[in-house]
Amino acid sequence: MAGLELNNIRKSYGATEVIRGVSLSVKEGEFVVLVGPSGCGKSTLLRCIAGLEPISSGSFSQDGHDVTGATPVERGVAMVFQSYALYPHMTVAENIGFGMKIAGDKPAAITTRVREIAKLLKLEELLARKPKALSGGQRQRVAIGRALARKPRLFLFDEPLSNLDASLRAEMRVELAKLHASLGNTMIYVTHDQVEGMTLADRIVVMNSGIVEQHGAPLELFNQPDNKFVASFLGQPRINFIRISGARREDADLLLSLPGGEPMRVPIDAARATSLDSLEIGIRPEDITLSTSETGLPITVDVVEQLGNETILYGHLRDAQQMVVRLTGQANFSGGDKAWFKIAAERALVFDQNGLNIGRRSAQ
Ligand SMILES: Nc1ncnc2c1ncn2[C@@H]1O[C@H](COP(=O)(O)OP(=O)(O)O)[C@@H](O)[C@H]1O
Ligand SMILES: [Mg+2]
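Model, not experiment: these values are computed from the prediction.

Scoring rules and cut-offs
Residues numbered from 1 in each chain as written. Chains lettered and ligands numbered in written order. Predicted model: local features only at pLDDT ≥ 70, side-chain atom pairs only at ≥ 80, totals over all residues. Heavy atoms only, no water. Helix = DSSP H or I, 4+ residues; strand = E, 2+ residues; numbered from the N terminus. Contact = heavy atoms within 4.5 Å. Areas by Shrake-Rupley, 256 points an atom, 1.4 Å probe, with all protein chains shown as cover. Phe/Tyr/Trp six-rings, centres within 6.5 Å; stacked < 30°, edge-to-face > 60°. Buried < 20%, exposed > 50% of the residue type's maximum accessible area, 1.4 Å probe, protein only. Pairing = 2+ DSSP bridges. Axes fitted to C-alpha atoms, helices over the stretch in contact; angles between N-to-C directions.

What follows deals with the overall build of the protein chain. Assigned secondary structure in the protein chain consists of 9 helices and 21 strands. In terms of overall dimensions, the protein chain has a C-alpha envelope of 75 × 45 × 40 Å along the principal axes. Considering only residue pairs separated by 6 or more positions, the protein chain has 66% of its internal contacts joining residues 24 or more positions apart. Put simply, the protein chain shows about 17100 Å² of open surface, and 51% of that area lies on carbon and sulfur atoms.

Pasting the structure below:
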């Protein structure tokens, strides 16, 4: 089978197991993004995939062949890191062509390939410059070009944009998406930035403490997270979790009220809803709108952030639980205001006492 298979990968450093049984199939040409909080094992797993780090147990196969003991070169991987460490005394062209030179490729072949890459990455004007005369984004493009030069089968990125400022990061995100579209290489990309995951991935893999919590298409994970961890990792501002009591079943729905609010009906999955104790409702800040009448859910506003194109309200419910609301456009609020809001009940998620999503899954 084409692509890369991770079969129950485990990795320990001494007594500490850092990767605790990860299995995953990566399709040929797929852009897979590993996301998760700092320290969850993303870089370790990527280094294992690269063949830079021996694994403790499990196996890798590539195109149906076992590559568990293979070197990075045998696996055909190229890696781009957060700190791109270009050779300062070499020009852009020399940096890009260096790997080919070491591998003993002919000068004419190197020149041709460097030109191709420079065109692809819009570095043509910069080929004679040294790294110190480049901006951060240009340097990162050179680092990517250097990785591309030897036509890797598998492209691995470890937080390649985290040293760049926000606007450059956004620009480079788009460049990377275009690069993947034009090259069609298999790419595995590590980031702690959920926005990069959402925008770049064909598939997001959410990691937590060395395991995979869930993987799937970005919107699938956003709309139908398996658990609270995944729900809270994707989306900014973060999803609200509201504890409720007194919920009851009616047919395939849950009837409940948020503190101080009117009753609402949320679809649940009867097979998964084994207990209605200690439920929490997950509501994304953008699924809350201002009510046109004094009905719905009363919220007292504590802090207002006016971003121009949207307004973020940080407030609390009648029982003091925190609630974040994201309104599109500009809304005239200040701290201490009380207002009524409507909740999009069909978008609400329900989590049981173990943090598992027991909401009903609709077809995407
Ligand atoms: N060479 C190493 N020796 C011992 N522990 C390590 C080593 N590399 C990583 N770790 C530990 O493994 C865990 C995962 O690290 P890492 O893969 O870098 O996480 P992430 O990239 O998700 O931030 C951390 O607790 C880290 O301290
Ligand atoms: Mg890391």
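Structure shown, so let's carry the discussion forward.
To continue, consider the packing of aromatic side chains. As enumerated under the stated definition, the model contains 7 aromatic pairs in all. For the ring pair F241 and F351, a centre distance of 5.5 Å and an interplane angle of 80 degrees mean the geometry is edge-to-face. Here the residue F241 occupies a position in strand β11 (residues 240-243), and F351 occupies one in strand β21 (residues 349-351), the gap between them amounting to 110 residues. When sorted by exposure, F241 lands in the same class as F351, which is buried. When the ring of F333 is compared with that of F341, the centres are 6.4 Å apart and the planes differ by 25 degrees; the resulting orientation is stacked. Here F333 and F341 have matching classes, each one buried. Ring-pair connections join several aromatic residues into one group, and the members of that group are F31, F155, F157 and Y189.

Judged by pairing direction, the sheet is antiparallel, and its 3 strands sit side by side in the order β11-β15-β21 without closing on themselves. Only two strands of the sheet have a single partner each, and these edge strands are β11 and β21. Taking the axes of each pair of neighbouring strands and ignoring which way they run, one obtains an average angle of 30 degrees across the sheet. Where strand β15 (residues 280-283) and β21 come together, 3 bridges link them in antiparallel fashion. Paired with G282 across the bridge in β21 is L349.

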